[in-house]
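Here is how the chains run, residue by residue.
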Amino acid sequence: MQTNRTFRAPSAIFWSGLVLRLLCILIGHTYKVRVDEAHFNFGFEAGRIARSLVLGRGYANPFNGISGPTAWLPPLYPLLIALAFKLFGIYTNAAALFLLTCNSIFSALIAPAIYEIAARCFDASGIARRASKHAAPVALGSAWLWALYPAALQYAIHWIWEMSLSTCLFTWTLVLALRLRQTGDSQLASGIWNLESDNPTRSPSPRRNFTLWILFGLLWGLTALSNASLLLVFPATLLWILWPYDVSIAHLKRNLTGALLACVVFSAVLSPWIIRNEQTLHAFIPTRDNLGVELWQSTHFYWDVFPWGQAVPLSPLDPEHRLYIQMGEVAYSQMRMTQARANIAAHPHTFLRLTLERIQCFWFGVPHPTEPHPANEILRELNFSFLSVAGLLGLALALRRRVPAAWLFAAVFLLVPAAYYVVTVQARFRHPLEPLIAILAVYLFRSTTPRRATLTKQ
């Protein structure tokens, strides 16, 4: 059996990232969540659903008041919040500390995944030009960047929301895709890294291969139950793994069998949620049911690029909230979807213009509605834009040099933001891409040739 010890990140990277996040939480007292709007900042809709679960009212009531069963959000993170409420009390500082600690663990676990992705795709082939005394300079640089860079840890230490969990699950699905395609294994087998193994040229055993496929389906199922928008990448990743690339027919058949197994596992993970929605809401809802409401809100073209505020008003006394309760969530969302389509059909050029502006905002900075310190806003947007530009240039260079998995990365960059372009954008929606952005940015700068070395060659 092949041993890929070289692809494993030093444990110090994970622990440094975790300790830094926990120190930021404790020193900055970020677990003391604001109590305005009846604790709505504590997990937003997910916190409301968790409270309903703990109070025995079921998976329901995503806003203030009693509104009935919901599929407004997929269940994974609301269930984690419910666990925190059950253990430490509803909306307590202890519950917040527990959740932010979980977020920090998820965020720190992304660093080893980043290391393996970079090591397999860049360092195993020695693609980056700049010399280094380390065997895996791109892997080390990008993993440490994620562990220590402030922008990478902000959602773990401030937000009681699913970003860190979703990004962790999603990044590890990419690691499994690389393992299944055996990206980088041939370089190890050729002795480039002097890997000490019994027989590194041997393909993984069928048992290990099927285990990887099961884990692949499991992680994608959990990802769907955390952030459904990422599901667009699932079929693209499957196709990338299965795409013919100088392999035997037997190998391809085994991967087709494994892919089918992954789809079965994926379906099994989603099934309880789908069955629950069918029984409770009497509709087929594989992930969530609020797309119509979100799209309708974004087609209020007087909002310009994107709407601020809640898709459904929080107060049970608001007429819009009353209509939501009266119709029920599914019917209300279907009605808003019909209205959204009518708005788009009536103003197609406006919709296209706003979509292009949302693309710009996704990559180069979503402005805050109010910012008391303009300099902070400028610095924030410069930082946000710099990372995007570095990641996109790194991707372009990887495609040009035919880096292993470059086309998979391109598919991820293309598909992850697609739903947000037509609905709404926030800075946090880019977070699942940021591990790849870190890798590609480090690769970009490590690919430059030092000026002194250039002059010497001349």
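Please read these numbers as outputs of a predicted model, since none were measured by experiment. (Residues numbered from 1 in each chain as written. Predicted model: local features only at pLDDT ≥ 70, side-chain atom pairs only at ≥ 80, totals over all residues. Heavy atoms only, no water.)

### Let's talk about a nonpolar patch on the surface
Here's step 1: Judged by side-chain polarity, V19, L23, L26 and I27 come together as a nonpolar surface patch covering roughly 380 Å² of accessible area.
Here's step 2: For L23, a relative accessible area of 42% gives the class partly exposed. (Patch = residues over 30% accessible without salt bridge, like charges linked within 9 Å, V, L, I, M, F, W, Y side chains within 5 Å. Areas by Shrake-Rupley, 256 points an atom, 1.4 Å probe, with all protein chains shown as cover. Salt bridge = Lys/Arg side-chain N within 4 Å of Asp/Glu carboxyl O. Buried < 20%, exposed > 50% of the residue type's maximum accessible area, 1.4 Å probe, protein only.)

### Let's talk about helix α3 (residues 44-54)
Here's step 1: Buried within α3 are the following residues: E45, A46, G47, R48, I49, A50 and S52.
Here's step 2: Considering only its buried residues, α3 is in contact with α2 (36-39) and α4 (76-88).
Here's step 3: G56 sits one or two residues past α3 and shows a positive phi near 80°. (Helix = DSSP H or I, 4+ residues; strand = E, 2+ residues; numbered from the N terminus. Contact = heavy atoms within 4.5 Å.)

### Considerations on the side chain of N64
Here's step 1: Mapped onto the fold, N64 is located in the loop between α3 and α4.
Here's step 2: Discounting chain neighbours no more than four positions away, the residues touching N64 are E37, A38, R48, L314, P316 and H321.

### Regarding unusual backbone geometry
Here's step 1: Of note, the phi angle at H29 is positive, near 50°, even though the residue is not glycine.
Here's step 2: Classification of H29 by relative accessible area gives partly exposed; the value is 39%.
Here's step 3: With a phi angle near 60°, Y91 is a residue other than glycine that sits in the positive phi range.
Here's step 4: On the secondary structure map, Y91 appears in the loop between α4 and α5 (93-123).

### Observations concerning the nonpolar core
Here's step 1: Ranked by internal contacts, the top residues of the largest apolar core, which has 139 residues, are F122 and F216.
Here's step 2: Beyond its immediate sequence surroundings of up to four residues, F216 is in contact with T173, L176, A177, L180, F234, T237, L238, I241 and A262. (Core = buried A, V, L, I, M, F, W, Y, C linked by side-chain atoms within 4.5 Å.)

### A look at the confidence of the model for the protein
Here's step 1: Here the protein averages 87 in pLDDT, and 87% of its residues register 70 or above.
Here's step 2: Averaged over each element, pLDDT in the protein is lowest for helix α21 (residues 451-457) (44) and highest for α4 (98).
Here's step 3: In the model, residues 453-458 has pLDDT below 50 throughout and makes one contact with residues more than four positions away in sequence or in other chains. (pLDDT = per-residue confidence, 0-100.)

### Considerations on helix α10 (residues 206-224)
Here's step 1: The end-to-end C-alpha distance of α10, which contains 19 residues, comes to 27 Å, matching closely the 27 Å that a straight helix rising 1.5 Å per residue would cover.
Here's step 2: For α10, the full list of buried residues reads R208, N209, L212, W213, F216, G217, L219, W220, G221, T223 and A224. (Expected span 1.5 Å × (residues − 1).)

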